[in-house]
Amino acid sequence: MSVPYHRLFRVHSRWRWWRPLVALAVFLGFYLVSQVLIAIGFFVPILARSGVSGLQRFAHEIQHDALSSTDPLVLGLTLASLVLLLPAIMAAVRIAGLGPWGQLSSVRFRVRWGWMARCLLPLLVLAVLTVGIQGWSMFHTPGAGFLTFGTRQLGHQTVSSTTLIVTVVMVVVLVPFQAAAEEYIFRGFLMQTIGSWVRNPIPAVLVSTICFALLHLPNGYDVWGIVDVGSFGAIAAILAWRTGGLESGILAHALNNVVIFLLQAPGWSRLDTTSSDGSAGGAIVTIVTMGIYALLVDLLARRSRLDRRRPGAEGPRFRGRTPIWSSTVEPGWEAVPTTADVLPTSDASVIANTGTDREDRVGGRP
């Protein structure tokens, strides 16, 4: 007996159809409050230092280009607001009674760091393809050669080397958390919400992909831009279902966003930071590169014998008090068979003696 990733909400005997909606409401509340606090944290110092005119200028920059690399304050505010999505969705799942937030990470109810380390090899292939294809078109300036800094041929504003260094450090430190937050929301919470209502994984993949793509519309994405983003989201969702966790998707998302943000750094690429226009070529590049990455990850998961499903069964939906005789996997998870009940005796004894799972050693049976 085992439970696929998109059905993990259902291993909890207290699951009800409305609990994910409660989690969504809590998440939105947390997020709105956090945005107000972030705005106060940025706006008040700017107002005190630069006055009303400085605050108006800062607000205009945010509205014009929230991802601008010309002003670290603008980029910092945008990234901070996105990073806080991560603790918000974790707290919402817990408060709504859907179980521990770790179930969003993987079928092991935690980040499988050993598996994530193995995914670095396919990620390296993706990095070479992404940087090689996108980097050449962005860094090669006609008439000026490759990696030209601060020239008029770039066609947009350049920045000082100090600002560029601050921007690069900020991107490398914060963007991986921003990418993880989006994975936990769309490929984690949203997929498991739809999966708890519909057993077939296809609706969970489709709904999460559509929502992920549509939420990029306010950024001004055109049709090809939405196709590009949607194809990335669809492949990441399939990876979450196939591998039983978010690890490979988080790595790919973090790499993709870090590369894009670094390419946007004015002074060394021709990328227009104010444009969200996509292209058929860009969408094809995303589909091909992410497709290759997904195939390599899936092959690696098979060779590693990765646990891609949760050992056990979906929890019976008791109404009222949980029976005294029900077993537990961990605190708060009633009426679910323990791992020792569903694994072979040898594997169960290893878990009992070491407190670790087989994935940390050689991987588990799919």
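Data block above holds the structure.
Attention in this report is confined to the structure presented alongside it. (Residues numbered from 1 in each chain as written. Predicted model: local features only at pLDDT ≥ 70, side-chain atom pairs only at ≥ 80, totals over all residues. Heavy atoms only, no water.)

**Structural notes on the environment of Ile292**
For step 1, the next point in the chain: Tracing the backbone shows Ile292 in helix α10 (residues 280–303).
For step 2, the next point in the chain: As for Ile292 and Leu129, which are separated by 163 residues in sequence, their C-alpha atoms are 9.7 Å apart. (Helix = DSSP H or I, 4+ residues; strand = E, 2+ residues; numbered from the N terminus.)

**Here we look at α10**
For step 1, the next point in the chain: Look at α10: 35 Å from first C-alpha to last across 24 residues, which is about the 34 Å you get at 1.5 Å a residue.
For step 2, the next point in the chain: Regarding α10, the residues found buried are Ala283, Val285, Thr286, Thr289, Met290, Tyr293, Ala294, Val297, Asp298 and Ala301.
For step 3, the next point in the chain: Directly after α10, the chain includes Arg305, whose backbone phi takes a positive value near 55 degrees. (Expected span 1.5 Å × (residues − 1). Buried < 20%, exposed > 50% of the residue type's maximum accessible area, 1.4 Å probe, protein only.)

**Points about the packing of helix α6 (residues 161–197) against helix α8 (residues 223–243)**
Each pair of packed helices can be summarised by the angle the axes make with each other and by the distance between the axes.
For step 1, the next point in the chain: The contact between α6 and α8 brings their axes to 10 Å, and the two run at 55 degrees. Here α6 is positioned oblique relative to α8, judged by the angle of their axes. α8 is crossed by α6, and the crossing has right-handed handedness. Every residue of α8 that contacts α6 at Glu183, Arg187 and Met191 is listed here: Phe232, Gly233, Ala236, Ala237, Ala240 and Trp241. (Axes fitted to C-alpha atoms, helices over the stretch in contact; angles between N-to-C directions. Parallel < 35°, antiparallel > 145°, perpendicular 65-115°, else oblique. Left-handed = near helix turned anticlockwise from the far one by under 90°. Contact = heavy atoms within 4.5 Å.)

**What to know about the packing of helix α1 (residues 19–64) against helix α2 (residues 72–83)**
For step 1, the next point in the chain: Contact pair α1 / α2: the axes reach a minimum separation of 10 Å and the direction vectors enclose 170 degrees. One finds that α1 runs roughly antiparallel with respect to α2. Residue-level contacts link Tyr31, Gln35, Ile38, Phe42, Phe43, Ile46, Phe58, Glu61 and Ile62 of α1 to Leu73, Val74, Gly76, Leu77, Ala80 and Ser81 of α2.

**Thoughts on the packing of aromatic side chains**
For step 1, the next point in the chain: Tallied over the full model, the rule gives 4 aromatic pairs.
For step 2, the next point in the chain: Relative to Phe58, the ring of Phe43 has its centre 5.9 Å away and its plane inclined at 85 degrees; by these criteria the two rings are edge-to-face.
For step 3, the next point in the chain: Look at Phe43 and you get partly exposed, because its relative accessible area is 29%.
For step 4, the next point in the chain: Taken together, a centroid distance of 5.2 Å and an interplanar angle of 70 degrees make the contact between Phe186 and Phe212 edge-to-face. You can see Phe186 sitting in helix α6 and its partner Phe212 sitting in helix α7 (residues 201–214), a full 26 residues away along the chain. Of the two residues examined, Phe186 and Phe212, each falls in the buried class.
For step 5, the next point in the chain: Above the face of the Trp241 ring, Arg242 is positioned so that its terminal group lies 6.0 Å from the ring centre.
For step 6, the next point in the chain: If you follow Arg310 out to its NZ or CZ, it ends over the ring of Phe109, 3.9 Å from the centre. (Phe/Tyr/Trp six-rings, centres within 6.5 Å; stacked < 30°, edge-to-face > 60°. Lys NZ or Arg CZ within 6 Å of the ring centre and 35° of its normal.)

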